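Report on the structure
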Amino acid sequence: CKMSDDNIYMLWGGNGWIGSLLIKQFQAQGKTLIVAKSRLENRQAMEEELELHKPTRVMCAAGLTGRPNVDWCETNQEATIRVNVCGTIALTDLCSTRDIHVTLFATGCIYEYDTEHTIGGKGFTEEETPNYIGSFYSKTKATVEDLLKSYNNICVLRLRMPISNQLLDRNFVTKIAKYHKVVDVPNSMTVLTDMLPLSAAMSKARLCGIYNFCNPGAISHNQVLQIYKEEVDPSFTWENFSLEEQAKILHSGRSNNYLDTSKLEAAAKDLGMRLPDIHTATREALAGAKQALVDAGNFPGGLPKKLGPGNK
């Protein structure tokens, strides 16, 4: 995966959560990150922007996840395909013809525990065929990932249940802290505070292929909330319910899995980048989240508020 060595970065998805964090990261490092104005649905507009700015590296954090959650995709399937499949391929294809390296922020929610990958057992590797189609969102993501294997200019980063050091609505911790009841299943998760700097290093090095882009190890919902209780809100309480009970209030399924991060760990080591385990990373992020609220004079007022009955 050899490209030119120019340092011109361009971002699709600058209005989203991950995109906005990337913008702040690049600004803090004094680096230029051109934010695209075109949308993935408009191939011609994307082509015009690529010709105008002539980037050597593209980072794509754009896509449809749905609001307030992935259930939206179940009833908006054409729009979901148009962006998550057609748009992502269009951008990758345009970049391929121009020798532009692409870093795609994708998802690892394309697997679920099975008889060969049990809770506490081995994780799914990058080479294994996705086995989860419980949501239309995950189905589109697995489809586009398979098609993107035909391109040699792209690095696909599989994120899961992203966490950051700010208690914003998209933060996985914020989401489950608002619920009265949560399931308790060990999962791979991605702490963006650590992982976004790693993504930029991977883009700079022009790594290609698929990576399980999660902090090493697995952590359960209860373990996350216990860390939240210890680091942020000692008065916090929650209850558990079963996957079957959860399914009754959702329009689509939810993926639960553990992803093997051996490939990512090797890459991080080669790049000299820090990659803490998920328990350490979660604790550090939540300690930072509390400090951010305190510094802003918004503690405890800025803590997540419980939703209404039935987690709605």
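A few points on the structure. Per chain, residue numbering runs from 1 following the sequence as it is written. Local features in a predicted model are, by the rule used here, given only for residues with pLDDT of at least 70; side-chain atom pairs are given and counted only at 80 or more, and totals for whole chains, interfaces and linings are based on all residues. Side-chain calculation: all heavy atoms of the structure are included, whereas hydrogens and water are not.

Moving on: the sheet that holds strand 3 (residues 57-60). Two strands are said to pair when DSSP picks up at least two bridges between them. We count a stretch as a helix when DSSP gives it H or I for four or more residues in a row; a strand needs E for two or more, and each element gets its number in order from the N terminus. Across the sheet, six strands lie side by side as 2-1-3-4-5-7; this open sheet has parallel pairing. Either end of the sheet is taken by a strand with one partner, and the two such strands are strand 2 (33-35) and strand 7 (209-212). Direction aside, the axes of adjacent strands within the sheet are offset by 20° on average. Sheet topology note: the strand 1 (residues 9-12)/strand 2 ladder contains three bridges and is parallel. By the bridge assignment for strand 2, Leu 11 is matched with Val 35. Here, axes are lines fitted to C-alpha atoms. For helices the fit covers the stretch in contact, and angles between N-to-C directions go from 0 to 180 degrees.

This part takes up helix 10 (residues 262-271). Only protein chains enter the area calculation, which uses a 1.4 Å probe; residues under 20% of their type maximum are buried, those over 50% are exposed, and those in between are partly exposed. Where helix 10 is concerned, the buried positions are Leu 264, Ala 267 and Ala 268. Buried residues of helix 10 fall within an arc of 100° about the axis and therefore sit on the same side. Counted as exposed and oriented over 90 degrees from the buried face of helix 10: Lys 269 and Asp 270. Throughout, a contact is declared for two residues whenever any of their heavy atoms are within 4.5 Å. Contact partners of the buried residues in helix 10: helix 7 (192-204) and strand 7. Directly beyond the C-terminal end of helix 10, a positive phi value near 70° is found at Gly 272. Read the arc as the range of directions from the helix axis to the C-beta atoms.

Attention now moves to the pairing of strand 5 (residues 154-159). Within strand 5, six of the six residues are buried, leaving the element largely enclosed by the surrounding structure. In strand 5, alternate side chains face the same way, and those of Ile 154, Val 156 and Arg 158 on one face and Cys 155, Leu 157 and Leu 159 on the other are all buried. Crossovers are described as right-handed under a simple rule: with the strands pointing away from the observer, the path leading from the first strand over the helix to the second runs clockwise. At this point the chain moves from strand 4 (residues 101-107), through helix 5 (residues 136-148), to the parallel strand 5, and the crossover so formed is right-handed. Relative to strand 7, strand 5 is paired through four bridges, and the arrangement is parallel. The residue bridging Val 156 from the neighbouring strand is Ile 210, located in strand 7.

Let us look at the packing of helix 1 (residues 17-28) against helix 7. Packing of helix 1 against helix 7 leaves a shortest axis separation of 11 Å and a crossing angle of 70°. Accordingly, the angle class assigned to the pair helix 1 and helix 7 is roughly perpendicular. Note on packing geometry: the crossing formed by helix 1 with helix 7 is right-handed. In this structure, helix 1 uses Trp 17, Ile 18, Leu 21, Leu 22, Gln 25 and Phe 26 to contact helix 7, whose residues at the interface are Leu 192, Leu 196, Pro 197, Ser 199 and Ala 200. The nonpolar class holds Ala, Val, Leu, Ile, Met, Phe, Trp, Tyr, Cys and Pro. Asp, Glu, Lys and Arg form the charged class, and all remaining residues, Gly among them, are polar. Residue composition of the contact of helix 1 with helix 7, by class: nine nonpolar, two polar and no charged. Angles below 35 degrees are treated as roughly parallel, those above 145 as roughly antiparallel, those between 65 and 115 as roughly perpendicular, and all remaining angles as oblique. Should the near helix be turned anticlockwise from the far one by less than a right angle, the crossing is termed left-handed; should it be turned clockwise, right-handed.

Coordinates in, geometry out; function isn't part of it.
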